[in-house]
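Structural characterization, general
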Amino acid sequence: ASFAGELDPGVLDASLSALAQRYDDEWGGFGGPPKFPHAMDVRLCLRHHARARDPLALAMARHSLESMALGGMYDQLGGGFHRYSTDEKWLVPHFEKMLYDNALLVPAYLEGFLVTGQPLLARVARECCEWVLREMTTPEGGFASAQDADSEGEEGRFFVWTPAELEAVLGARVGRWAAAWWDVTDEGSFEHGASVLWRPHDTAQVAAELRVDAAELADAMQRARKTLLEVRERRVRPATDDKVLASWNGLMVSALAQAFQVLGEPRYLAAAQRAARHVLERMRRPDGRLLATSRGGRAHVDATLDDYVFVVAGLLDLYESDFDARWIERALELARIVEQEYADHDNGGWYTTGERHERLLARLKVPHDGALPSGQGVHVLNLLRLAELTGQGRLAQVAQAAILSLGAMVNRHPAAFGQLLRAVDVLRGVARGP
């Protein structure tokens, strides 16, 4: 099937109304349970708001970011998001923590913070980065892929609490406060009467209910959070999958570089630089082609389109953080390999596998977003950025050809192409000029 066709000028508005139809106005987010965080959709809403000053787009993004941040899908003690929520309230998650979810959510929270100034959104971005630095960094400097959901043979056991456990750790009075603060009840919200920590009530509400001063309560809970995290560290931990994937590392390099730009924390930049060097030095063949996966410093498996384009995006974000021209040079090298190995020269755009991959029955193109943003959409934006940074106008033409190659399909299903539409939005801004 040909995807080609001019893009409908109304496609950006159509994508917003498609998102609005799936939006949960009570709890935020899109679609029903199991509820996934949909970071790309949130970021597309923020772009709509920036473009058209659309209050609905901003409200959908902000409410989704805040609800997820206060829910049990977010690790209230250790930072970092679990995979998805089993209910519509973001309360009980599937407890696995994936590197890529957090790498996609950090920029969404940073952008939300830049638009709203809401400190909660900055705090969550920061805590996700701290979790990655603390728990997901391998000795070689790359980032591990995932943490398991279960420990001691039970899903979630590491993360949940009972009122009695809180009181044993914090003492009777502060333990009772903590139970009210994180909604830990005798019935429990999870198995065996234990509860997932979440914040359904704001500080003023909880303080009124406990008849304590709000500032005193908030202060005590900040200390309690540290104490509980220290105690939790002594529990049997879920295992970490220490595979280093080039694609997910590219996404995390982007997230940390952007976090450095917004939050000014130099450790985030240093971690991003180190991971980028690991991928570029330890996960490439002598001819410069990328390898997809490594463990313990040994890399193998030919990379796919996603590996290349997510790493290129990470390098561009690094360059915009430390202005070291080497990142641009490496990005251009990898972009050249994408052009040689992956381009669909007849129709525009790129295949997911390279010329030399084991011959699959058919070379696929996956233009729409799934759990990850589409490689096509990411690379369109990469090329637009590279064209702007290097003055190589030809790269922008390749990007526009890729967008046009998908035109008809995007017009029909605009909500499936959040990443590509972000690129279209950037292009419109470029076309319009400052």
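Moving on: the pairing of strand E9 (residues 291-295). Across the five residues that make up E9, a large majority, four, are buried. Relative to E9, strand E8 (residues 244-245) runs antiparallel, the two sharing two bridges. In the sheet register, Leu245 faces E9, and the bridge partner there is Thr293. Looking at chain direction, E9 and strand E10 (residues 298-302) are connected through four bridges and run antiparallel. The partner of Thr293 across the bridge, within E10, is His300. Counted between consecutive antiparallel strands, the loop separating E9 from E10 contains two residues, among which Gly296 sits at a positive phi close to 55 degrees.

What follows covers the packing of helix H5 (residues 119-135) against helix H11 (residues 266-282). H11 packs onto H5 with a crossing angle of 50 degrees between their chain directions and a minimal axis gap of 11 Å. Judged by the inter-axis angle, H5 sits oblique to H11. For the pair H5 and H11, the sense of crossing is left-handed. Side by side, H5 and H11 meet where Arg126, Cys129, Glu130 and Leu133 of the first sit next to Arg267, Tyr268 and Ala271 of the second.

As a further point, take the packing of aromatic side chains. The tally for this structure, following the rule as stated, stands at eleven aromatic pairs. A ring pair is formed by Tyr74 and Phe81, whose centres lie 4.7 Å apart and whose planes are at 55 degrees; its orientation type is tilted. With relative accessibility at 1%, the residue Tyr74 sits in the buried group. Residues Phe95 and Phe190 carry aromatic rings whose centres are separated by 5.3 Å and whose planes lie at 70 degrees to one another, so their mutual orientation is edge-to-face. Placement of Phe95 in the loop between strand E2 (93-94) and strand E3 (97-98) and of Phe190 in the loop between helix H7 (172-181) and helix H8 (203-210) is noted, with a sequence separation of 95 residues between them. As far as burial versus exposure is concerned, Phe95 and Phe190 are alike and both buried. Through pairs of rings, three or more aromatic residues link up here, namely Phe95, Phe158, Phe159 and Phe190. Positioned over the ring face of Trp181 is Arg199, at 3.6 Å from the centre of the ring.

We now examine the side chain of Asp307. Its location among the elements puts Asp307 in helix H12 (residues 305-322). A polar atom in the side chain of Asp307 sits 2.8 Å from the backbone nitrogen of Thr304.

Glancing now at the sheet that holds strand E4 (residues 146-147). Within the open sheet, the three strands sit side by side as E3-E4-E7. Their pairing is antiparallel. The open sheet has two free edges, formed respectively by E3 and strand E7 (240-241), since each of these has just one partner strand. With two bridges connecting them, E4 and E7 associate as antiparallel partners. Bridge pairing links Ala146 to Asp241 in E7.

So, on to the layout of surface pockets. Roughly 880 Å³ of internal volume is contained in the largest pocket. Mapped onto the lining of the largest pocket, the elements with two or more residues apiece are helix H2 (39-52), helix H4 (99-116), helix H10 (246-263), H12, helix H14 (375-390) and helix H17 (418-432). For the lining of the largest pocket, the per-class residue count stands at 21 nonpolar, six polar and eight charged. If you add up the space inside the second largest pocket, you get close to 540 Å³. Around the second largest pocket, the lining is made up of 21 residues, and of these Gln76, Arg123, Glu127, Gln222 and Arg225 lie nearest the centre. Those elements giving two or more residues to the lining of the second largest pocket turn out to be H5 and helix H9 (214-232). Its residues assigned to classes, the lining of the second largest pocket shows eight nonpolar, five polar and eight charged.

With that out of the way, let us pick up helix H3 (residues 55-70). Across its 16 residues, H3 extends 22 Å between first and last C-alpha, which sits within 8% of the 22 Å expected from 1.5 Å per residue. Among the residues making up H3, those that are buried are Ala57, Met60, Ala61, Ser64, Leu65, Glu66, Ser67, Met68 and Ala69. Looking at the buried residues of H3, the elements they touch are helix H1 (11-22), H2, H4 and H5. Between the side-chain oxygen at the start of H3 and the backbone nitrogen of Leu56 there is a gap of 2.8 Å, and the oxygen is on Asp54.

For the peptide bond that leads from Pro33 to Pro34, omega is -5 degrees, which places it in the cis range. Its place among the elements puts Pro34 in the loop between H1 and H2. Despite not being glycine, Arg53 shows a phi value in the positive range, around 50 degrees. Inspection of the secondary structure assignment puts Arg53 in the loop between H2 and H3.

Quick look at the packing of H10 against H11 now. At a closest axis distance of 8 Å, the pairing of H10 and H11 adopts a crossing angle of 155 degrees. On the basis of the axis angle, H10 is roughly antiparallel to H11. Considering only the axes of H10 and H11, their crossing is left-handed. Touching Ala246, Asn249, Val253, Leu256, Ala257, Ala259, Phe260 and Leu263 of H10 are Pro266, Tyr268, Leu269, Ala271, Ala272, Ala275, Ala276 and Val279, all from H11. Residue composition of the contact of H10 with H11, by class: 15 nonpolar, one polar and no charged.

The rules behind these values
- Residues numbered from 1 in each chain as written.
- Predicted model: local features only at pLDDT ≥ 70, side-chain atom pairs only at ≥ 80, totals over all residues.
- Heavy atoms only, no water.
- Buried < 20%, exposed > 50% of the residue type's maximum accessible area, 1.4 Å probe, protein only.
- Helix = DSSP H or I, 4+ residues; strand = E, 2+ residues; numbered from the N terminus.
- Pairing = 2+ DSSP bridges.
- Axes fitted to C-alpha atoms, helices over the stretch in contact; angles between N-to-C directions.
- Parallel < 35°, antiparallel > 145°, perpendicular 65-115°, else oblique.
- Left-handed = near helix turned anticlockwise from the far one by under 90°.
- Contact = heavy atoms within 4.5 Å.
- Phe/Tyr/Trp six-rings, centres within 6.5 Å; stacked < 30°, edge-to-face > 60°.
- Lys NZ or Arg CZ within 6 Å of the ring centre and 35° of its normal.
- Polar contact = N/O pair within 3.5 Å; in protein donor to acceptor, adjacent residues only side chain to side chain.
- 1 Å grid on protein atoms, 1.4 Å probe; cavity = no way out; pocket = protein on both sides within 12 Å on 5 of 7 lines; lining within 4 Å.
- Points joined across faces, edges and corners; volume = space filled by probe spheres on them.
- Nonpolar A, V, L, I, M, F, W, Y, C, P; charged D, E, K, R; others polar.
- Expected span 1.5 Å × (residues − 1).

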